Every structure is written in C-alpha cells, then in structure tokens.
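Summary of structural features
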Amino acid sequence: MSRPARQLKLGAVTMGAGGPGQHYLWLDPELPADASVNVNWYIELARQAEEARFDLIFIVDSQFITADSPPHYLNRLEPITLLSALAVSTEHLGLVATMTTSYNDPFNLARRLASLDLISGGRSGWNVVTSGDAGAAANFSRDEHFDYDTRYARGLEFVQVAQGLWDSYEADAFPRDRATRTFLDPSRQHQLNHKGEHFQVAGPLNVSRSPQGQPVIFQAGDSEQGRDLGAQIGEGIFTHAASLEQGQAFYADIKSRAAARGRDPDHLVVMPGMRVYIGDTDAEAREIERDLQLAAQDFDQALAELGRPFAWHDFRQYDLDAPFPQQALAHAERGFRTNAEKIAALARDRDLTLRQTVEALSSPRPTPFAGAPATVADQITAWFDGRALDGLNYHIATPAQWRRFREEVVPILAERGVVRREYDSATLRGNLGLPVPENRHTAARREASLQKI
Ligand SMILES: Cc1cc2nc3c(=O)[nH]c(=O)nc-3n(C[C@H](O)[C@H](O)[C@H](O)COP(=O)(O)O)c2cc1C
C-alpha cells in the first residue's frame, strides 16, 4: 500500500481577549470583551475550527499574574475544565491543554487528562511546559521557582510517571460480565510503584484507556534542555519561528535529536505558532498587519512586559536612556531564559539603550505569513514543503482575520491537497498520523508468549 501523502496539520491557538502584545485586542467590537471566560464564545470558536477541519485547539496557560498582565491572562478559564466543555460540543477537534510539570502532581494530572480523553473519545493532548513565570512558585508553597536543570529533570520524570499510570489498565481490563458477575479482570490492572528523584507514585490510576491509548504529548521549550525533552517525549512540538531558515534549522535539529534517541522522526509533529495577516491584495495585508501592530503599541505596557522572560524583573527601576541592563539576565534562570538571552543579545549586538530595546521589540515588523489569500497559501506551502513545519498553530486574534483564514486560505490549501478535506480519524492521534502506544504490560505478555513458542 502506498503511503498517504504528507499533509499539513492545523492547530488553533487562542488568547481570548488578548495575550502578550495584544493589550487592546478586546476593543474589537466583534470580540466579546469577556471572551477569555465566555464558554459560549469558545464553543463557537471550536465549532468554527472543526468546520474548517482543524486538527486541534491549543489552550496555553500559566499560574501567575500581575496588574500588568494582558487581558487574557488576568481572567481566563482553567484548560481542562474548559476543554471538557468543548469535548461535548465538538466531535473531531483535538483538545490540547497546557499544564505545567513544575506545579502539578503526576497522579492528579494523569487522571484529569485520561478523563478528558474518555469524555472526548480519544481527543485529548497535553502541552508539557515547565513554567517560565517564576512568580507561580509563591502560589504553590515554594520560596522560588526551580532552576532549569531541576525543572527539566522533574518534567521528564513527571511525563514518564504519567505515561506509566496511563498503562494501569490494559484494554481488556473490564469484562463487565453480568452473567459471571465479573467487573474487573485483576490480572489486567497494574501498579506502577515508581520511586524516583522527584516523585513516588504507587498507582494504579483509576481511569481506563481511551480509543487513542494515551493522550498525545506536546512539548514547548526552546533551550537545549527543552529540545532534549521534546525529542525524548514530544509527539507534537509547539515552537515559534521568525523566518523560513530559522524554522528549517529548528525542524532539522529536533528531528535529528529524536532520531538519535531511536525514535521515528515522523512520529514527532513540529507545529510553530504563527500570526497570519490576510488582505484583498498583498499590499493591503501588509497595511492590516501594520495597523494591528500599531494599535497594540503601548510603551509602558511593553516596558512592564519586558520583565516576563527575566522572571518578572522590574525594568522600570532603570534609566531608560542608559545601556540595556545586561545584569538582568541573572534573573532569567528562573524565567524564560532562552527568550531573555535573545533580548539581551539583541541589545548588546546593536548597542541599544533600554528605551531602544523596548522600541525594537514592540515596533511593527513584517511577519512571514501576510498577503492575499493565495499568497498566504503559497507561504504556508513553502514552509511545509521546505520542512520548516509539519503543521501550523494559527494564532487567533481578530474575528475578521480568523474568518478570512478559514474561509479564504484553508480552501486553497485543501484544493491543492496540502490539508485534507475530511478528518481521517475520530481521535487526535489518528488525525496527526501518530501511532497508538501499546500498553507496556500487554506488550510484555506478548513478548513472553512469543519466547515460549
Ligand atoms: C512556543 C512556546 C510556548 C510555551 N507556552 C507556555 C505556556 O503556555 N505556559 C507556560 O507556563 N510555559 C510555556 N512555555 C514555556 C516553557 O515550558 C519553558 O518553561 C520556557 O520556555 C523556558 O524554557 P526554554 O528556555 O526551554 O524555552 C512555552 C514555550 C514555548 C517555546
């Protein structure tokens, strides 16, 4: 049988009333001002994504805010609770929740995701993050956030424990046979008895397997440690890319790290998050892009938000016209270090003051995907064919642009066979072309019986 052609995967990322750099999105009269906590708005959005045959909706999250946080962060729904509502309002859409390994326990998290997987008939996914918002520590009984090595070591062990718990029951564990009064076959229930550096978990988990076996593991983190974690456990990778070349370099790097671990690189789907701007003509699209970026500008907000990658270090204490304070980098070990390093390098290489750094980061600049619908379809196809991505996590911003993407760009991609017209499967795994992981205990028994032959 010939292999089906590789097809582009589509994810929808939403920041409701406005995420970082979108403090004024909520002024858009088409968007409910309470979008981030309005379940009916999310349901409508999920149905629209499903009509356009998107593979998944992606819910980002964090656990720390200040008064300077963007509108969506100030007041938003908890991902699993939200996705449970979307699970019963949709049929095919994958439901991916961002949940941190730094401020959760594997048993609770594995249970919630497995429950969502059953409720949705095999459509749940987990975006594994280690948290870059250092302040979250104070909400979870800790004096300070974990350093990078601890964060990522804990993250790896956390995922492995969750996957172990998801194998607690084999597929045939519940005969539920009234005639013999047999509800459970105890030989198909397994304890984990994990004793590791960060967690001790006996198991078994009290939720059975779903049609996709286990929730799909996504991972987001760009440092060396982040990439290694993604290459080891990620089935989907959430990232960002500023140019085709950068996208290609990341893609090649993460796939080769996975191959070096003996994994099939096709079993890891790279999906950068992207903003897209569509106009009637290419020139009009660039105008729309510029207008939307200008409308988002606010120097004071940008100065406050600059602190986020540096563990919310307060840059307002410095002279705006003095050189960028490189010493702030010391705080990034407990923040978003990769991002902080990029900002500090930019300021150093261009000899920028603090004011110029803020301006450089927030000034309008052309993005890779902007143009008339056919141009945008060409740009996306070039990235896909050029192996800079396997899928696109489309950042939903204004309702008008979201509509144009679904109604004008996706049909061109479908016409060209770049995206499919119908869902391949009822599960997220099936639609992403990922294999169902075999239960380890079933596999062990199969191995043992083969050896006896
Ligand atoms: C594209 C992308 C998306 C991310 N989304 C989230 C998120 O929603 N919530 C969160 O707490 N951390 C998120 N992270 C943060 C990572 O889990 C990690 O803590 C942070 O990026 C710092 O690690 P790094 O230097 O390895 O990137 C994201 C990272 C990337 C690269």
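First, a word on scope: everything that follows refers to the structure included in this document. Computed from a prediction, not measured in an experiment: that's the story for all the values here.

A short note on the site of the ligand
- Taken together, 19 residues lie around the ligand, and Asp61, Tyr148, Tyr152, Ser223 and Thr338 are the ones closest in.
- One of the backbone nitrogen or oxygen atoms of aspartate 61 is found 2.5 Å away from a nitrogen atom of the ligand.
- Take serine 223: an N or O atom from its side chain is 2.6 Å from an oxygen atom of the ligand.
- In isolation the ligand exposes 600 Å². Once the protein is present, 91% of that is buried.
- Contributing elements (two or more residues each) for the shell around the ligand: helix H5 (148-166) and strand E8 (236-239).
- The greatest single-element share of the shell around the ligand, amounting to 3 residues, is contributed by H5.
- Among the residues forming the shell around the ligand, the class breakdown is 7 nonpolar, 9 polar and 3 charged.

A few points about the nonpolar core
- Core analysis: the largest hydrophobic core is formed by 72 residues, its most contacted members being Leu8, Phe54, Leu86, Trp126, Trp166, Ile380 and Phe405.
- If you tally residues by element for this core, the top one is H5, at 9 residues.
- The residues contacting tryptophan 166, other than those within four sequence positions of it, are Ala110, Leu113, Ala114, Trp126, Leu205, Arg209, Gln214, Pro215 and Ile217.
- Counting 17 residues, the second largest nonpolar core, distinct from the first, contains Phe58, Val216, Phe218 and Leu428.

A short note on the packing of aromatic side chains
- Scanning the entire structure with this criterion turns up 21 aromatic pairs.
- Aromatic pair tryptophan 126 and tryptophan 166: ring centres 6.3 Å apart, planes at 85°, arrangement edge-to-face. Of this pair, tryptophan 126 sits in strand E4 (residues 124-129) while tryptophan 166 sits in helix H5, and the two are 40 residues apart along the sequence. Accessibility classification places tryptophan 126 together with tryptophan 166 in one group, the buried group.
- Site record: aromatic cluster; members linked through ring pairs are Phe54, Tyr394, Trp402 and Phe405.
- For the cation-ring pair, arginine 76 lies above tyrosine 73, with the distance from its terminal atom to the ring centre recorded as 4.2 Å.
- The cationic tip of arginine 142 hangs over the ring face of phenylalanine 146; the distance from NZ or CZ to the ring centre is 3.8 Å.

As for the environment of serine 210
- Looking at the secondary structure, you find serine 210 in the loop between strand E6 (200-201) and strand E7 (216-219).
- Separated by 34 residues in sequence, serine 210 and arginine 176 have C-alpha atoms that sit 17 Å apart.
- Setting aside residues up to four positions removed in sequence, serine 210 forms contacts with Asp117, Leu118 and Gly122.

Overview of the packing of helix H3 (residues 79-87) against helix H4 (residues 106-119)
- Interhelical geometry of H3 versus H4 gives an angle of 10° and a closest axis separation of 9 Å. One way to sum up the angle between H3 and H4 is to call them roughly parallel. Where H3 approaches H4, its residues Ile80, Leu83, Ser84 and Ala87 are matched on the opposing element by Arg112, Leu113, Leu116 and Ile119.
- A class-by-class count of the residues in the contact of H3 with H4 yields 6 nonpolar, 1 polar and 1 charged.

Some details on helix H6 (residues 224-233)
- When H6 is considered as a whole, its buried residues turn out to be Gly226, Arg227, Leu229, Gly230, Ala231 and Ile233.
- In this structure, the buried residues of H6 make contact with E4, H5, E7, E8 and helix H7 (244-260).

Things to note about the sheet that holds strand E12 (residues 391-396)
- In spatial order, the strands read E1-E2-E3-E4-E7-E8-E9-E12; together these 8 strands close into a barrel with parallel pairing. The sheet shows a mean angle of 25° between the axes of neighbouring strands, taken without regard to direction.
- Sitting on the sheet, helix H1 (residues 39-51) is in contact with strand E1 (9-14), strand E2 (56-59) and E12, with an inclination near 165° to E1.
- Along the sheet face, H4 touches strand E3 (94-100) and E4 and points at about 150° away from the line of E4.

Cut-offs and rules
Here the residue numbering is sequential within each chain, running from 1 through the sequence in written order. It should be noted that, the model being predicted, local features are given only for residues of pLDDT at least 70 and side-chain atom pairs only at 80 or more, the latter also being counted only at that level, while totals for whole chains, interfaces and linings use all residues. Side-chain calculation: all heavy atoms of the structure are included, whereas hydrogens and water are not. Each residue is tested against the molecule or strand, and it is near if at least one of its non-hydrogen atoms lies within 4 Å. Polar contacts here mean pairs of N or O atoms no more than 3.5 Å apart (in protein, one a potential hydrogen donor and the other a potential acceptor; neighbouring residues in sequence count only if both atoms are side-chain atoms). For the area figures, the Shrake-Rupley method with a 1.4 Å probe applies, and any residue is considered shielded solely by the protein chains shown. Going along the chain from the N terminus, every DSSP run of H or I of four or more residues is numbered as a helix, and every run of E of two or more is numbered as a strand. For this classification, the nonpolar set comprises Ala, Val, Leu, Ile, Met, Phe, Trp, Tyr, Cys and Pro, the charged set comprises Asp, Glu, Lys and Arg, and every other residue, Gly included, is treated as polar. The nonpolar core is taken to be a set of buried Ala, Val, Leu, Ile, Met, Phe, Trp, Tyr and Cys residues, with the residues joined through side-chain atoms within 4.5 Å. Only protein chains enter the calculation, and the probe is 1.4 Å; a residue is then buried if its accessible area is under 20% of its type maximum, exposed if over 50%, and partly exposed in between. We call two residues contacting when some pair of their heavy atoms lies within 4.5 Å. Aromatic contacts are taken between Phe, Tyr and Trp rings whose centres are within 6.5 Å, Trp giving its six-membered ring; a plane angle under 30 degrees counts as stacked, one over 60 as edge-to-face, and the others as tilted. Comment: the charge-over-ring label is applied if NZ (Lys) or CZ (Arg) is within 6 Å of the ring centre and within 35 degrees of the ring normal. Convention adopted: a line fitted to C-alpha atoms gives each axis, helices being fitted over their contacting stretch, and angles between N-to-C directions are expressed from 0 to 180 degrees. Working definition: roughly parallel below 35 degrees, roughly antiparallel above 145 degrees, roughly perpendicular at 65 to 115 degrees, and oblique for all remaining angles. Pairing between two strands requires that DSSP report at least two bridges joining them.

Take it as geometry only, folks, not as evidence of what the structure does.
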